[in-house]
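Fold and contact review
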Amino acid sequence: MSGDRQASEVGKLRQQAEELELAAQRAGDRAEREQLMEKAVRLRARCQELGGPESATMDPM
């Protein structure tokens, strides 16, 4: 995978993870909230695999 394409995919995964986290915050059902957060965690782990630890954080240091 080229660098640009990889960065694009990491960006998409990061965006999806953020959307899932926001949906989890709004979810009224505890089971649904936990399921959404688990999916977000898996996506952030995938971001780390593809682009390193800095690609999975919401607030870069």
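Heads up: the structure comes first, above all this text.
Residues numbered from 1 in each chain as written. Predicted model: local features only at pLDDT ≥ 70, side-chain atom pairs only at ≥ 80, totals over all residues. Heavy atoms only, no water.

**Here's the deal with helix 1 (residues 3–26)**
- The first and last C-alpha atoms of helix 1 sit 35 Å apart over 24 residues, in line with the 34 Å expected at 1.5 Å per residue.
- Taken together, the buried positions of helix 1 are occupied by V10, L13, A17, L20, E21 and A24.
- On its buried side, helix 1 packs onto helix 2 (30–51). (Helix = DSSP H or I, 4+ residues; strand = E, 2+ residues; numbered from the N terminus. Expected span 1.5 Å × (residues − 1). Buried < 20%, exposed > 50% of the residue type's maximum accessible area, 1.4 Å probe, protein only. Contact = heavy atoms within 4.5 Å.)

**A closer look at the pattern of salt bridges**
- Under the defined criterion, the tally for this structure stands at three salt bridges.
- For R44, the salt bridge is made with E21, and the minimal N-O distance between the two is 3.0 Å. With R44 in helix 2 and E21 in helix 1, this pair connects stretches of sequence that are 23 residues apart.
- Taking the relative accessible area as the measure of exposure, R44 reaches 12% and is therefore buried.
- Take E21: its relative accessible area is 17%, and that puts it in the buried class.
- Two residues, R46 and E49, come together in a salt bridge whose shortest N-O distance is 3.1 Å. On the criterion of helical spacing, the pair formed by R46 and E49 is a turn pair, its members being three residues apart in helix 2. (Salt bridge = Lys/Arg side-chain N within 4 Å of Asp/Glu carboxyl O.)

**Considerations on the nonpolar core**
- Core analysis: the largest hydrophobic core is formed by eleven residues, namely V10, L13, A17, L20, A24, A27, L36, A40, L43, C47 and L50.
- Mapped by element, the contributors of at least two residues to this core are helix 1 and helix 2.
- Those residues in contact with L20, other than ones at most four positions away along the chain, are L36, K39, A40 and L43. (Core = buried A, V, L, I, M, F, W, Y, C linked by side-chain atoms within 4.5 Å.)

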